[in-house]
Each structure stands twice: as structure tokens, then as C-alpha cells.
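Chains, contacts and geometry: an overview
Residues per chain, in single letters:
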Amino acid sequence: MPEIIYSKVKEDTPLLVINRRWEISEDRTDVCSEDQLLQISTKKLSKGTTFKPHKHNILKRDTNTTHEAWIILKGAIKAKFWDIDDTLIHETVLRFGDCAVVYNAGHGFEVLQDGTILYEVKNGPYFGQLKDKTFIEGV
């Protein structure tokens, strides 16, 4: 099961979810709950598996926040996450195949191995760093 980290300030608010590579099984696992902006699922697939071709319908989705996911393809990072009041709430090492989905947490990371490769996925549009980010003071 994915690990969900909740805010200590607003206890019903999920800050992030972490899914480890070894947790991926033949059964579909929804890493994110249905109400989250990013929807990530996992499933170990066998040769010959097919999915019926499809496209997605146009639906109005209102949001005023950015959610982000990191998927580690190679190497390792030390990830740190801050609660909504800017206090450090969680630290972990993410390695090959791990995924962190950030909903409401402040976040940053340090690369631990040369040649580390990751995907960073966010909802858009992106309006540039000045509009998009507030840096956490004292870190």
C-alpha cells in the first residue's frame, strides 16, 4: 500500500503519497485517491496485455493548486517535505522505481548518486517561477 503523509496542522489534509517499486503487483493499485488532481496507478503487466484504445472526454476541472510527482528511473535522491506551516514533516530516500506524489507539501531534494534520472510531472499550465513558487525560509 502506498504511504500517505498527512498534515499535523490540518490532520485531514494529505500532503503527499509515496509508492515503492516493490509494492507494484499484478493488481491495479491507485496510488492517489480519486479526488486528487494527479491520478497515478500501478500494475505489473505481462507480455501480450492490451488495453482498448481510447481518448478522454473534455471535462471542466477547476484547480488553484499545483500537484507534482517524481518517478525515479535511475539512482537515488534524499527527499524532504514540509507541512503547510513550513515545518519539516518527512524525509526519505527515493530509489529506482519509487514515486512520490506531492499534493500540499513543501518539498525539495538532494541527488545522492551521479547519473540519477527522474521524471517530474505536474499539472499545468506553468506561469513561471515568480508566480508558481514560494521558497521556504531558513532552509
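Above this text is the structure in question.
In this text, all values refer to a predicted model and were calculated from it rather than measured experimentally.

Rules used throughout
- Residues numbered from 1 in each chain as written.
- Predicted model: local features only at pLDDT ≥ 70, side-chain atom pairs only at ≥ 80, totals over all residues.
- Heavy atoms only, no water.
- Helix = DSSP H or I, 4+ residues; strand = E, 2+ residues; numbered from the N terminus.
- Buried < 20%, exposed > 50% of the residue type's maximum accessible area, 1.4 Å probe, protein only.
- Polar contact = N/O pair within 3.5 Å; in protein donor to acceptor, adjacent residues only side chain to side chain.
- Contact = heavy atoms within 4.5 Å.
- Salt bridge = Lys/Arg side-chain N within 4 Å of Asp/Glu carboxyl O.
- Core = buried A, V, L, I, M, F, W, Y, C linked by side-chain atoms within 4.5 Å.

Details of the side chain of S7
- In this structure, S7 sits in the loop between β1 (3–6) and β2 (14–19).
- Judged by its relative accessible area of 3%, S7 is buried.
- A distance of 2.9 Å separates a polar side-chain atom of S7 from the backbone nitrogen of K10.
- Filtering out sequence-adjacent residues up to four positions away, S7 remains in contact with T13, L15, D83, I84 and I89.

Things to note about the pattern of salt bridges
- Per the counting criterion, the structure on display carries six salt bridges.
- Residues joined by salt bridges that share partners form a network here, namely E68, E120 and K122.

Observations regarding the nonpolar core
- Counting 14 residues, the largest nonpolar core has L16, I18, W70, F81, L94, A100 and A105 as its most contacted members.
- Counting only elements with at least two residues in this core, the list comes to β2, β5 (68–74), β6 (76–82), β7 (88–95) and β8 (99–102).
- Residues V17, V31, L38 and I40 belong to the second largest nonpolar core, which totals nine residues.

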